[in-house]
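A structural walkthrough
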Amino acid sequence: MVIMDIEIGIIGGMGPKATNQFLDRVVELTDAKKDQDHVRYILYSDPEIPNRIDAYFHGKESPVSAINKGIDFLEKNGIRTIAIPCNTAHIWFDKFHKNVEVLNMIDLTVKVALESGYRKPGILATTATIKSGLYIDSLAAAGLHPVVPEKEDKVMAAVQAVKLGNTEEGKSILAPVIRDLEANGCDSIIIACTEIPVILKQEYTCLPIIDSDQILAEKIIIAAGKKIKKHHK
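Structural notes, computed from the coordinates. (Residues numbered from 1 in each chain as written. Predicted model: local features only at pLDDT ≥ 70, side-chain atom pairs only at ≥ 80, totals over all residues. Heavy atoms only, no water.)

1. Details of the side chain of Asp 46
Heads up, the rule is: Helix and strand assignments follow DSSP, with helices taken as H or I runs no shorter than four residues and strands as E runs no shorter than two, numbered in order from the N terminus. Buried means the residue's accessible area, taken with a 1.4 Å probe over protein chains only, is under 20% of the maximum for its type, while exposed means over 50%, and partly exposed covers the values in between. Under this rule, positive means Lys or Arg and negative means Asp or Glu; His and the chain ends count for nothing. By salt bridge we mean one thing: a side-chain nitrogen of Lys or Arg within 4 Å of a carboxyl oxygen of Asp or Glu. Polar contacts, as counted here, are pairs of nitrogen or oxygen atoms within 3.5 Å of one another; within protein the pair requires one atom able to donate a hydrogen and one able to accept it, and residues that are adjacent in sequence qualify only if both atoms are side-chain atoms. A contact between two residues is defined here by any heavy atoms of the two lying within 4.5 Å.
Along the chain, Asp 46 turns up in the loop between strand S2 (41-45) and helix H2 (52-58). In this structure Asp 46 is buried but unpaired, with Lys 69 as the nearest side chain of opposite charge at 6.4 Å. A distance of 2.9 Å separates a polar side-chain atom of Asp 46 from the backbone nitrogen of Glu 48. Beyond its immediate stretch of four places on either side in the chain, Asp 46 contacts Gly 12, Gly 13 and Ala 66.

See the structure below:
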């Protein structure tokens, strides 16, 4: 039985701070004059979804079953379009249930990157996202030259700081990584981890940012039949 006539669903909890950031993004990017102009959605937030890094590198419990449980729950409640704001989780995208539309934030972000005209983007992502080739392979196949930070361990440390709620520490850890990308000839930065937008804003770098979190939020707004604020397009 369908509980309500809402068609947009979001699977969150990976991690909770990043989910809050994503929900804020949806609100901030929506062209709304009143409450009723905003996106109607159901949030399925499960911070107990197994750790994606441990699953990929150490063969521990996969997140697939827990994510599919969320997809099934949303589908049963009338949801027709689902967003999963976690790049690393998309390593298992082919195993997700797809009786409804499950948006692929990797494909959406790569499309924007290819259309941007930039040729040498720095990639800020978890080690699992990097090693899996989610972004690297697609960008390289299209003739771009993605750059993985030499201090990739610093990116992971910054992500972990955000997960622990230590955003100022995360900013400090990430700052030298950004400086290195700027110095190494990158012409843009792809934010390919949903924790990173919590601590990296456009004003913190001279390089243009292509943000997977924002791109997915915009897609949700459009799927809900709402409008994106003009200055964000």
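Moving on from the coordinates now.
2. So, the sheet that holds strand S6 (residues 188-191)
Let me state the cut-off plainly: One bridge is not enough; two strands pair if DSSP finds at least two bridges between them. Only the stretch in contact is used when fitting a helix axis, every axis being a line fitted to C-alpha atoms; angles between N-to-C directions are given from 0 to 180 degrees.
The strand order across the open sheet formed by three strands is S5-S6-S7, and the pairing between neighbours is parallel. In the strand order of this sheet, the two ends are held by strand S5 (121-124) and strand S7 (209-211), each with one partner. Averaged over all pairs of adjacent strands, the angle between their axes in this sheet comes to 20°, without regard to strand direction. The pairing of S6 with S7 spans three bridges and is parallel. What sits directly across from Ile 190, in S7, is Ile 210. Against the sheet, helix H8 (residues 167-183) contacts S5 and S6, and its axis sits at roughly 160° relative to S5.

3. Side note on the packing of helix H7 (residues 152-163) against H8
The description of two helices packed together rests on the angle between their axes and the distance between the axes. Which entries qualify depends on this criterion: Oblique is the label for any angle not under 35 degrees, not over 145, and not in the 65 to 115 range, which are roughly parallel, roughly antiparallel and roughly perpendicular in turn. In this scheme, a crossing is called left-handed if the near helix is turned counterclockwise away from the far one by less than a right angle; it is called right-handed if the turn is clockwise.
Between H7 and H8, whose axes approach to 8 Å, the crossing angle comes to 165°. Between H7 and H8, the crossing angle belongs to the class labelled roughly antiparallel. H7 and H8 meet at a crossing whose hand is left-handed. Contacts from Lys 154, Val 155, Ala 157, Ala 158 and Ala 161 in H7 reach Thr 167, Glu 169, Gly 170, Ile 173, Leu 174 and Val 177 in H8.

4. Section: the environment of Lys 33
Mapped onto the elements, Lys 33 comes out in the loop between helix H1 (16-29) and S2. A polar contact of 3.3 Å, which involves the side chain of Lys 33, links it to the side chain of Asp 31.

5. Let's talk about the sheet that holds strand S3 (residues 81-83)
One key point about sheets: their strands pair by backbone hydrogen bonds, in either a parallel or an antiparallel sense. Strands sit in the order S2-S1-S3-S4 across an open sheet of four strands; the sheet is parallel. Of all strands in the sheet, those with a lone pairing partner are S2 and strand S4 (101-102), marking the two edges. As judged from the five bridges shared by strand S1 (residues 8-12) and S2, these two strands associate in the parallel manner. The residue bridging Ile 10 from the neighbouring strand is Leu 43, located in S2. Sitting on the sheet, helix H3 (residues 64-76) is in contact with S1, S2, S3 and S4, with an inclination near 160° to S1.

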